[in-house]
Amino acid sequence: MDPTRDLALLRQEHNESPVEAALVSFLGVMFEEKFIETSEDLEKLRQDGKLMFEHVPMVEIDGMTLVQTRAILNYIATKYDLYGKDVKERALIDVYTEGIADLSDLIMQLALCPPDEKEAKISLIKDRTKNRYLPAFEKVLKSHGQDYLVGNRLTRVDIHLLELLLRLEEIDSSLLAPFPLLKALKSRLSNLPNVKKFLQPGSQRKPPADEKTIEKAKKIFKMK
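Anyway, here's the lowdown on the structure attached to this text. What you see is a predicted model; the values in this text were computed from it and never measured. (Residues numbered from 1 in each chain as written. Predicted model: local features only at pLDDT ≥ 70, side-chain atom pairs only at ≥ 80, totals over all residues. Heavy atoms only, no water.)

## Quick notes on the overall build of the chain
Moving on, step 1. Counting its regular elements, the chain contains nine helices and four strands.
Moving on, step 2. Listing every helix and strand of the chain by position from the N terminus yields β-α-β-α-β-β-α-α-α-α-α-α-α.
Moving on, step 3. Every one of the 224 residues in the chain was classed for burial, and the buried ones make up 44%.
Moving on, step 4. For the chain, the computed accessible surface area is about 12,000 Å², with 52% contributed by carbon and sulfur atoms. (Helix = DSSP H or I, 4+ residues; strand = E, 2+ residues; numbered from the N terminus. Buried < 20%, exposed > 50% of the residue type's maximum accessible area, 1.4 Å probe, protein only. Areas by Shrake-Rupley, 256 points an atom, 1.4 Å probe, with all protein chains shown as cover.)

This is the structure in structure tokens:
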């Protein structure tokens, strides 16, 4: 790992929702991001024993090698005080984060969706967005009247939600229109200095996967 960086993140390039990168970038943490380029690179990591379950993402931080997205995010959030002040707040953060992950997973599936199934998948995403997930988060904000989802301060779940809202806008810019509190939260977060920097062109934020990156990933991971 580069000694001038606080952590190193290794992942597959086609992952269009790099939540680990988003979290540390929003914090202003310096990190080195590497991608698996060939199947030989992946096999070497497996042989070296660095990938406990033989897949990425993997993070090197504080003398440790961590795998599994949730474990990585929990450690980073705890280290940088973004995981609530007590066990009750952490429970709410976990509940909201899992809901965000459910919808994010649907969006990620778009990249691998056959062309003749894409329209149906987008329709499903829009339906779940408008009728299930965003109403739930809007209700949370309305219930306590605070600036953030949990504890009236920035936590990891706000950052995950922002990344989700940005992806949804890329699918359909009108999806957020019925949710004024979520729109206000998005605007507030987007104007935080580190977040604003991360959202600028040329940052380490990656665009949605395209056919080229998907095909490359399939070759590396020997996916059919």
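## Re the packing of aromatic side chains
Moving on, step 1. A full pass over the atoms with the stated rule returns one aromatic pair.
Moving on, step 2. Ring geometry for Tyr96 versus Phe137: centroids 6.2 Å apart, planes at 85 degrees, classification edge-to-face. Here Tyr96, found in helix α4 (residues 87-109), pairs with Phe137, found in helix α5 (residues 115-144); they are 41 residues apart in sequence, far enough to count as distant.
Moving on, step 3. Given the relative accessible area of 14%, Tyr96 is considered buried. (Phe/Tyr/Trp six-rings, centres within 6.5 Å; stacked < 30°, edge-to-face > 60°.)

## Looking at the pattern of salt bridges
Moving on, step 1. One pass over the full model with this rule turns up eleven salt bridges.
Moving on, step 2. Note that Arg167 and Glu163 form a salt bridge whose closest N and O atoms lie 3.6 Å from each other. With Arg167 and Glu163 both in helix α6 (residues 156-171) and four residues apart, this pair spans about one turn of that helix.
Moving on, step 3. For Arg167, a relative accessible area of 5% gives the class buried.
Moving on, step 4. Look at Glu163 and you get buried, because its relative accessible area is 3%. (Salt bridge = Lys/Arg side-chain N within 4 Å of Asp/Glu carboxyl O.)

## Looking at α5
Moving on, step 1. In a regular helix each residue adds 1.5 Å, so 30 residues correspond to 44 Å; α5 covers 43 Å between its end C-alpha atoms and thus fits that length.
Moving on, step 2. In the structure, α5 departs most strongly from a straight axis at Thr129, where the bend amounts to approximately 50 degrees.
Moving on, step 3. Considered for burial, the residues of α5 that qualify are Lys121, Ile125, Thr129, Tyr133, Leu134, Phe137, Glu138, Val140 and Leu141.
Moving on, step 4. Elements in contact with the buried residues of α5: α4, α6 and α7 (180-190).
Moving on, step 5. Trailing α5 by a residue or two, Gly145 shows a phi angle of about 65 degrees, which is positive. (Expected span 1.5 Å × (residues − 1). Bend = angle between axes of the 7 residues up to and from the residue. Contact = heavy atoms within 4.5 Å.)

## Considerations on the side chain of Thr155
Moving on, step 1. Secondary-structure assignment places Thr155 in the loop between α5 and α6.
Moving on, step 2. Excluding anything up to four places from it in sequence, Thr155 contacts Leu82, Gly84, Ile93 and Val150.

## Quick look at the nonpolar core
Moving on, step 1. Membership of the largest hydrophobic core comes to 49 residues, with the highest contact counts inside it found for Leu149, Leu161 and Leu168.
Moving on, step 2. Contributions of two or more residues to this core are made by α1 (19-27), β3 (58-61), α3 (69-79), α4, α5, α6, α7 and α8 (193-198).
Moving on, step 3. It is α6 that provides the largest number of residues to this core, a total of eight residues.
Moving on, step 4. What Leu149 contacts, discounting residues up to four positions off in sequence, is Tyr96, Phe137, Val140, Leu141, His144, Val157, Asp158 and Leu161.
Moving on, step 5. In terms of nonpolar packing, the next biggest core, distinct from the first, is built from seven residues, Ile36, Leu42, Leu51 and Val67 among them. (Core = buried A, V, L, I, M, F, W, Y, C linked by side-chain atoms within 4.5 Å.)

## Re the packing of α5 against α6
Moving on, step 1. Running from N to C, α5 and α6 point in directions that differ by 145 degrees, and their axes come no closer than 12 Å. Where α5 crosses over α6, the two elements pack in a sense that is left-handed. Contacts between α5 and α6 pair Ile122, Ile125, Lys126, Thr129, Leu134 and Phe137 from the former with Leu161, Leu165, Leu168 and Ile171 from the latter.
Moving on, step 2. Here the residues of the contact of α5 with α6 are counted per class, giving eight nonpolar, one polar and one charged. (Axes fitted to C-alpha atoms, helices over the stretch in contact; angles between N-to-C directions. Left-handed = near helix turned anticlockwise from the far one by under 90°. Nonpolar A, V, L, I, M, F, W, Y, C, P; charged D, E, K, R; others polar.)

## Some points on the environment of Leu181
Moving on, step 1. Along the polypeptide, Leu181 turns up in helix α7.
Moving on, step 2. The sequence separation of Leu181 and Leu141 amounts to 40 residues, and the corresponding C-alpha distance is 6.7 Å.

Nothing here speaks to function; it is geometry throughout.
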